[in-house]
Amino acid sequence: GSAAFYINGWLYKAFLDEHLSTIDPDNILHENLWMCLTSVELTAQARLLSIIHYAINLPMRWLSGNTHHLASYDWSVLSMSRAIDCVKRALIQIEEDGSKLLDEDFMMNIFSDLNLQPLDDFMAEMFLSEAAVALNIQSTKRAKKTNVYRPTKADASYVRTELFRPTKVVHLQTTPMMWDLAVTAATLLLKEFRDPNKLTSDHLSSECG
């Protein structure tokens, strides 16, 4: 939901603006939601979580669901530990330099060391199809004409652009606070990874997994 909030926030705010402009606007739920949607801090958090989702979560999910098709690449269930190591190495670099989170080439190639062509193909095509359908993105012009949504490649490309190279003011405003957020997120995730009470630590080569 973070990507939908980040990209479509303007649409939600427009809806609430209309309702809060009625003769009887006294609706505490609408007012509180409007304040959340206009918060730069929450928009920054949505941007952070969206980047992590597309750069880490979706590739890991793809690997989990396609491991049985990758035997020809010397890949098996046990190989998933290598993917976790890739994530850990990336998080260490982000913890040292928060600007890495906004480095599109770095984030979208976290798993490149695995040398899995099908995964590379998935990463290259991801924003040309899946993202648009999942986000149900609306352009201003289309929203005015019809409520029926038809995803396009341009929409999906726009998602990636706004995450790493934003053009909208509401998204640009989040950039100054993204570095600190990135460092905090990386630190917390690494703490979770290394926690001996969590299963993930059993799969880290640095923890003898």
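Asks: Outline the overall build of the protein chain, listing residues and values.
Replies: Of the regular secondary structure elements, the protein chain holds eleven helices and zero strands. For the protein chain, the N- to C-terminal ordering of α and β elements is α-α-α-α-α-α-α-α-α-α-α. Excluding contacts between residues fewer than 6 apart, the proportion of contacts in the protein chain whose partners are at least 24 apart in sequence is 67%. If you sum the accessible surface of the protein chain, you get close to 11900 Å²; carbon and sulfur atoms cover 57% of it.

Asks: Quick one: what's the story with the environment of F122, residue by residue and with numbers?
Replies: By the secondary structure assignment, F122 is in helix α6 (residues 117-125). When the C-alpha atoms of F122 and L58 are compared, they prove to be 9.7 Å apart, with 64 residues separating the residues in sequence.

Asks: Please provide a residue-by-residue account of the side chain of T174, values included.
Replies: In this structure, T174 sits in the loop between α10 (169-172) and α11 (175-194). Engagement of the side chain of T174 in a polar contact is seen with the side chain of R47, the distance being 2.9 Å. Ignoring sequence-local partners within four residues, the contact set of T174 consists of V40, T43, A44 and R47.

Asks: Explain the confidence of the model for the protein chain to me, and be specific about the residues and the numbers.
Replies: Here the protein chain averages 80 in pLDDT, and 78% of its residues register 70 or above. By mean pLDDT, helix α8 (residues 140-145) is the weakest element of the protein chain at 44, and helix α5 (residues 104-107) is the strongest at 95. Note on residues 130-154: pLDDT is under 50 here. Beyond four places in sequence and across chains, it has 42 contacts.

Asks: I'd like a rundown of the pattern of salt bridges, residues and numbers included.
Replies: A full pass over the atoms with the stated rule returns two salt bridges. In this structure, R160 and E104 form a salt bridge, with 2.4 Å as the shortest nitrogen-oxygen distance. One end of the pair, R160, is in helix α9 (residues 153-164); the other, E104, is in helix α5, with 56 residues separating them in the sequence. The class for E104 is buried, based on a relative accessible area of 17%. When the shortest N-O distance is used, the salt bridge between R165 and E104 registers 2.9 Å. Here R165 is found in the loop between α9 and α10, whereas its partner E104 is found in helix α5, with 61 residues between them in sequence. Taken together, the salt bridges that share partners define one network made up of E104, R160 and R165.

Calculation notes
- Residues numbered from 1 in each chain as written.
- Predicted model: local features only at pLDDT ≥ 70, side-chain atom pairs only at ≥ 80, totals over all residues.
- Heavy atoms only, no water.
- Helix = DSSP H or I, 4+ residues; strand = E, 2+ residues; numbered from the N terminus.
- Contact = heavy atoms within 4.5 Å.
- Areas by Shrake-Rupley, 256 points an atom, 1.4 Å probe, with all protein chains shown as cover.
- Polar contact = N/O pair within 3.5 Å; in protein donor to acceptor, adjacent residues only side chain to side chain.
- pLDDT = per-residue confidence, 0-100.
- Salt bridge = Lys/Arg side-chain N within 4 Å of Asp/Glu carboxyl O.
- Buried < 20%, exposed > 50% of the residue type's maximum accessible area, 1.4 Å probe, protein only.

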